[in-house]
Amino acid sequence: MGTYYIKQKVFSFKDSFSVYDEKEQEVYRVKSKLFSFQDRLTITDMNDRPLVAIKQQLSFWKPKYIIVENGERVAEVTKNFTFFKANFSLKPQNWTLDGDVWSHKYTLADENGPLMHVTKKWFTWGDTYEMQIEDESHLLTYIAVMIVLDMVLHNNNGSFPADGGGE
C-alpha cells in the first residue's frame, strides 16, 4: 500500500500538477496542452519523458476521457449522471469511482473491493489530493483517473451542476 499526493500548480496558464510520494519527493509531473479545444494532458517522469496521455472526448451528455499508456488505450473514464455525488465508470476494467462531492472523499473499486481511497484536502493553495493505493501495479492509471476527476468536478469555475459536476 502506498500514499501519493497530487498537487495542482496555481500560477500557471494551463493545468499543471505535481505528483509526490509519501516522502514528499516529486515523482511525476502532469502538464496540459496550452491551446486546445479539449482537455489534453500528459503525465511525464522527472526528465519530462511522456508516460501517459489523457484525452477528453467530446460528448454531449457525459464527460468522457481516454487514458493512453505506452501507445495503448488502457482506460475510458465516463462520468455517470448522478445527483450530488461523483460516479464514474472505467472500461474495460469495470472499475467504478464513487464519492461525495461535499466531503471530497472518493473510492476507486473493482468487483473485489477498493483499489484506491482519495481525499481532496481542504484549505490548500490549489487542489491537493491524498491517494491511498492498495496495489501500485496500476499507479499511472490511478493518477490519470484522479486528474480526470479534478478536471470534471473541480475545474468549473465554482459552478455546481445538479449532477455533482462541480464544487
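A few points on the structure. (Residues numbered from 1 in each chain as written. Predicted model: local features only at pLDDT ≥ 70, side-chain atom pairs only at ≥ 80, totals over all residues. Heavy atoms only, no water.)

1. Quick word on the overall build of the protein
Tallying secondary structure elements over the protein gives one helix and twelve strands in all. Starting at the N terminus and ending at the C terminus, the protein contains elements arranged as β-β-β-β-β-β-β-β-β-β-β-β-α. A total of 167 residues make up the protein; the buried ones form 46% of that total. A fraction of 32% describes how many contacts in the protein between residues 6 or more apart in sequence connect residues 24 or more apart. In the structure as shown, the protein presents an accessible area of about 9,100 Å², 52% of it carried by carbon and sulfur atoms. (Helix = DSSP H or I, 4+ residues; strand = E, 2+ residues; numbered from the N terminus. Buried < 20%, exposed > 50% of the residue type's maximum accessible area, 1.4 Å probe, protein only. Contact = heavy atoms within 4.5 Å. Areas by Shrake-Rupley, 256 points an atom, 1.4 Å probe, with all protein chains shown as cover.)

2. Points about the pairing of strand 2 (residues 16-20)
With five of its five residues buried, strand 2 lies for the most part within the structure. With four bridges connecting them, strand 1 (residues 2-8) and strand 2 associate as antiparallel partners. Residue pairing in the sheet places tyrosine 5 in a bridge with tyrosine 20 of strand 2. Relative to strand 3 (residues 26-32), strand 2 is paired through five bridges, and the arrangement is antiparallel. Within strand 3, the residue paired with tyrosine 20 across the bridge is glutamate 26. (Pairing = 2+ DSSP bridges.)

3. Details of the pattern of salt bridges
Under the definition given, this model contains nine salt bridges. The partner of aspartate 48 in a salt bridge is lysine 31, and the shortest N-O contact between them spans 3.0 Å. Of this pair, aspartate 48 sits in the loop between strand 4 (40-44) and strand 5 (50-57) while lysine 31 is found in strand 3, placing the two residues 17 residues apart along the sequence. We classify aspartate 48 as partly exposed; its relative accessible area is 40%. (Salt bridge = Lys/Arg side-chain N within 4 Å of Asp/Glu carboxyl O.)

4. What to know about the side chain of threonine 128
Of note, threonine 128 is situated in strand 12 (residues 128-133). Contacts of threonine 128, omitting those with residues within four sequence positions, involve Ile6, Lys7, Thr119, Lys120 and Lys121.

5. Remarks on the environment of proline 50
Relative to the helices and strands, proline 50 resides in strand 5. For the pair proline 50 and tyrosine 28, spaced 22 residues apart in the sequence, the C-alpha separation amounts to 9.9 Å. If we ignore the near neighbours within four places in the chain, the residues touching proline 50 are Thr42, Ile43 and Thr44.

6. Some points on a negative patch on the surface
Taken together, the side chains of Glu22, Glu134, Asp135 and Glu136 present a region of like negative charge at the surface. Within the element layout of this structure, glutamate 22 appears in the loop between strand 2 and strand 3. (Patch = residues over 30% accessible without salt bridge, like charges linked within 9 Å, V, L, I, M, F, W, Y side chains within 5 Å. Lys, Arg positive; Asp, Glu negative; His and termini not counted. Charge placed at Lys NZ, Arg CZ, Asp CG, Glu CD.)

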